[in-house]
Structure formats: C-alpha cells, structure tokens
2 protein chains.
Amino acid sequence: MSAPTQARQTLQRTAIRRAFERADRPLSPAETLASAQREVPGLGIATVYRNIRNFVDEGWLEEVPLPGAPNRYEISGKHHHHHFRCRICDRVFEVEACPPDLRTMLPRGFRLEGHDITLFGRCAGCARS
Amino acid sequence: MSAPTQARQTLQRTAIRRAFERADRPLSPAETLASAQREVPGLGIATVYRNIRNFVDEGWLEEVPLPGAPNRYEISGKHHHHHFRCRICDRVFEVEACPPDLRTMLPRGFRLEGHDITLFGRCAGCARS
DNA sequence: ATCGTTGCAAATGGTTTGCAGCTTA
DNA sequence: TAAGCTGCAAACCATTTGCAACGAT
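What counts and what doesn't
Residues numbered from 1 in each chain as written. Chains lettered and ligands numbered in written order. Predicted model: local features only at pLDDT ≥ 70, side-chain atom pairs only at ≥ 80, totals over all residues. Heavy atoms only, no water. Near = heavy atom within 4 Å. Polar contact = N/O pair within 3.5 Å; in protein donor to acceptor, adjacent residues only side chain to side chain. Nonpolar A, V, L, I, M, F, W, Y, C, P; charged D, E, K, R; others polar. Phe/Tyr/Trp six-rings, centres within 6.5 Å; stacked < 30°, edge-to-face > 60°. Helix = DSSP H or I, 4+ residues; strand = E, 2+ residues; numbered from the N terminus. 1 Å grid on protein atoms, 1.4 Å probe; cavity = no way out; pocket = protein on both sides within 12 Å on 5 of 7 lines; lining within 4 Å. Points joined across faces, edges and corners; volume = space filled by probe spheres on them. Axes fitted to C-alpha atoms, helices over the stretch in contact; angles between N-to-C directions. Parallel < 35°, antiparallel > 145°, perpendicular 65-115°, else oblique. Left-handed = near helix turned anticlockwise from the far one by under 90°. Contact = heavy atoms within 4.5 Å. Core = buried A, V, L, I, M, F, W, Y, C linked by side-chain atoms within 4.5 Å. Buried < 20%, exposed > 50% of the residue type's maximum accessible area, 1.4 Å probe, protein only.

Student: Explain the protein's contact with DNA strand C here, please?
Tutor: DNA strand C sits among 22 residues. The nearest are Arg8, Thr10, Thr47 and Arg50 of chain A together with Tyr49 of chain B. Within 4 Å of the protein, the atoms of DNA strand C are drawn from sugar and phosphate moieties in a proportion of 67%. In this structure, a base nitrogen belonging to DNA strand C sits 2.7 Å away from a side-chain N or O atom of Arg50 of chain A. Taking Arg8 of chain B, its side chain carries an N or O atom lying 3.0 Å from a base oxygen of DNA strand C. Grouping the amino acids of the surface near DNA strand C by side-chain chemistry returns 7 nonpolar, 9 polar and 6 charged.

Take a look at the structure:
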C-alpha cells in the first residue's frame, strides 16, 4: 500500500556499489566485503548481504548461481553469457558464447525456461603455474 | 600405511544403497533419507551423508552439483549427460545430449577442464498444471 | 525528528564431526 | 572382541534476521 521508500545513500552502500563497478568479474559476498572494506573498514558482512539483495531487487545487480560454490553477483544488463570458474583461484569470469539447440536436449513433455552453463578449469593467470 | 578397511554391510548402508537403486533420478541427501527411512525408520541424516560420501569415494556414486541448490547424487558409470531441475517440484532429471564446441567459448589462455549444464523449467508432470 | 540503515549477535539451513554405545565380521 | 558404524548433539559455513544505536533526509 505504502509507496516504496527511497534507498538512502550511505557510505556503506556506496562502497558496495563501487566494489562492483571496480570489478571486472562477478563477485561473491565475501569478495565484495573485502573490496568495500578498503573504503569503509568497519563494514559488516550482513550489510553486504542486505545491499546486494537490495541491488538485485532494484535490478542493478544480477545473481550468478554456480554449482557447488557460493553465488556471485554482477552488474546486470549485459547480453546473454555464461561463466567460467577457476579451480585454482576460485575466481569467476564471464564467457561470451552460448551453445545453441538446448531445447533438443529435453525429454518429451518438459518445458524449458532457462539454463546455466558453468565451465571450469584454470584461468589464464593460473594456467601458467 | 594401513590397508583400507572393508566397508561393513549394515542395515543403514544397504537401505541407502537401495534408495539410489530404486530412484530413476539423482537424489539429494534429504530425498535419500526419506526413501531409506522406509526400510530403516530410525535412520539419521548424518549416516546418510557419511554413506553418500563413502559411496562417492568408492566411485559407486557421483556428485551432481547444481547452481543454487543442494547437491544431488546418482549412480556413476552412465555416459556423459546433464541435468534438468524442475522449478515447481524441485526434482532433478537426467537429460541426454550435450552441446558441442564449448571450448570455443573460452577466453585466450584459459584451460577448460570440465563443464556443468543445468536446464531448468517444468518437468512433464508439473508442465500440465 | 523520522525512519531507513548499520553492526553485532543470534538464528537458519545444509553439511560435518565428536563421542559413547552398538553391531558386524 | 575389535574395528567400523550409528544416532545424537554440537560445530561449521554461508546467509538471514532481531534489535538497539546510528545517521541521512
């Protein structure tokens, strides 16, 4: 019933937003905390979770669910893409393409609404070692 | 140093193995518990986790990691395949095919070691409603 | 001065582990 | 009987929530 209240601009919220703007890849809440604490040392993890959820609800952030690993989050509005998780450093990267024809994989009667593809291996940095 | 000890055949372990043999799809630990408790009512969830891990270590079970959902487990040795998760009933099913050319998705310098593909939508049962 | 926001700590949900008693071999 | 199991409860880890103090508007 009540008009949705305005999100206030706090130091913490700003630091969290900047963490994502600085990042060139999806961030986990823990990575976000570490990055944002460079601006606001006392920042707590609960505030990171609350603001991430808030940004997701606003549509500014998008959830990146991964098999067997905590979610990452990235700024939304990118074109369709998928992700690569490095088994060594555990960082997640965006990958461009998307294979076609997923619908042909389905059993009869199933309705396809989406898909997640996660590649894994070693990122460029970790492949050298 | 010590020779690996033999796994003992207990009522619990047998009930857990049968739960997977009865299932036509990958099971979560909770689903496994529910199924195995039909044979051993007092069965505890910790025992399910311990035996699942044990079966995985033996190679009889295989982990099915899913984005944003607890792991499922399935009897191993099947040919390469992927999974479908129903958004309504939360059950996971096997799907046959696998799209090619995943390697072309990679940024330069990245080494691909594996991939997970999860389709989601409605299973045949839930698509009707 | 409001009322949303924050940090802390406690609560959750899924999974693991310590331990004393039980069971298989 | 001895070693491996089991159930229970406590411990964990990631995430969420209650609450009183704080701060943006």
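Student: Explain the packing of aromatic side chains to me, please; I cannot follow it from the model alone.
Tutor: Working definition: an aromatic ring pair is given by the centre-to-centre distance plus the angle between the planes. Counting across every chain of the model gives 8 aromatic pairs over all chains. Both rings, one in Phe110 of chain A and one in Phe93 of chain B, keep their centres 5.3 Å apart while their planes meet at 85 degrees; by these two values the pair is edge-to-face. Taken as a pair, Phe110 of chain A in the loop between β4 (92-95) and β5 (111-122) and Phe93 of chain B in strand β4 (residues 92-95) lie in two separate chains rather than in one. Members of the aromatic cluster, connected to one another through ring pairs, are Phe20, Phe55 and Trp60 of chain A.

Student: For this particular structure, what's the right way to read the layout of surface pockets?
Tutor: To find leftover empty space, a probe the size of one water molecule is rolled over the atoms. Of the volumes computed, that of the largest pocket is approximately 420 Å³. Along the walls of the largest pocket sit 24 residues, with Glu63, Pro65, His115 and Asp116 of chain A together with Phe120 of chain B positioned nearest its centre. For the lining of the largest pocket, the elements supplying multiple residues, two or more each, are β1 (61-66), β2 (69-75), β3 (82-86) and β5 of chain A together with β5 (111-122) of chain B. Split by residue class, the lining of the largest pocket holds 7 nonpolar, 10 polar and 7 charged. Lining the second largest pocket we find 16 residues, and of these His81, His82, His83, His115 and Asp116 of chain B sit closest to its centre. Those elements that provide at least two residues to the lining of the second largest pocket are β1 (61-66), β3 (82-86) and β5 of chain B. Of the residues assigned to the lining of the second largest pocket, the class counts are 4 nonpolar, 7 polar and 5 charged.

Student: Honestly, the packing of helix α1 (residues 11-22) of chain A against helix α3 (residues 45-58) of chain A in this entry has me stumped. Any pointers?
Tutor: To characterise two packed helices, one gives the angle between the axes of the helices and the distance between these axes. Residues and elements named next belong to chain A. In contact at an axis separation of 10 Å, α1 and α3 are set at 70 degrees when each is read in the N-to-C sense. With respect to α3, the element α1 is oriented roughly perpendicular. The handedness of the crossing between α1 and α3 comes out as right-handed. Where α1 approaches α3, its residues Gln12, Arg13, Ile16, Arg17 and Phe20 are matched on the opposing element by Thr47, Val48, Asn51, Ile52, Asn54, Phe55 and Glu58. For the contact of α1 with α3, the residue count by class is 5 nonpolar, 4 polar and 3 charged.

Student: Hey, could you run me through the nonpolar core in this one?
Tutor: Side chains that are nonpolar tend, in soluble globular proteins, to be buried together. With 26 residues, the main nonpolar core has Phe84, Leu119 and Cys123 of chain A together with Phe84, Leu119 and Cys123 of chain B as its most contacted residues. For this core, the secondary structure elements donating two or more residues are β3, β4 and β5 of chain A together with β3, β4 and β5 of chain B. Cys123 of chain B has contacts with Gly109 and Phe110 of chain A together with Phe84, Cys86, Cys89, Arg91 and Phe93 of chain B, leaving out every residue within four places of it along the chain.

Student: When you look at the packing of helix α2 (residues 29-36) of chain B against helix α3 (residues 45-58) of chain B in this model, what are you seeing that I'm missing?
Tutor: Residues and elements named next belong to chain B. As a packed pair, α2 and α3 sit with axes 9 Å apart at the nearest point and diverge in direction by 110 degrees. When the axis of α2 is compared with that of α3, the two are roughly perpendicular. Where α2 crosses over α3, the two elements pack in a sense that is right-handed. Residues Pro29, Ala30, Thr32 and Leu33 of α2 form the contact with α3, whose participating residues are Ile45, Val48, Tyr49 and Ile52. Of the residues contributing to the contact of α2 with α3, the split by class is 7 nonpolar, 1 polar and no charged.

Student: Teacher, can you tell me more about unusual backbone geometry here?
Tutor: With glycine set apart, most residues show a phi of negative sign, and most peptide bonds adopt trans. Residues and elements named next belong to chain A. A positive phi angle, close to 70 degrees, is found at Asp90, a residue other than glycine. Structurally, Asp90 is set in the loop between β3 and β4. Accessibility expressed as a relative area gives 33% for Asp90, which makes it partly exposed.

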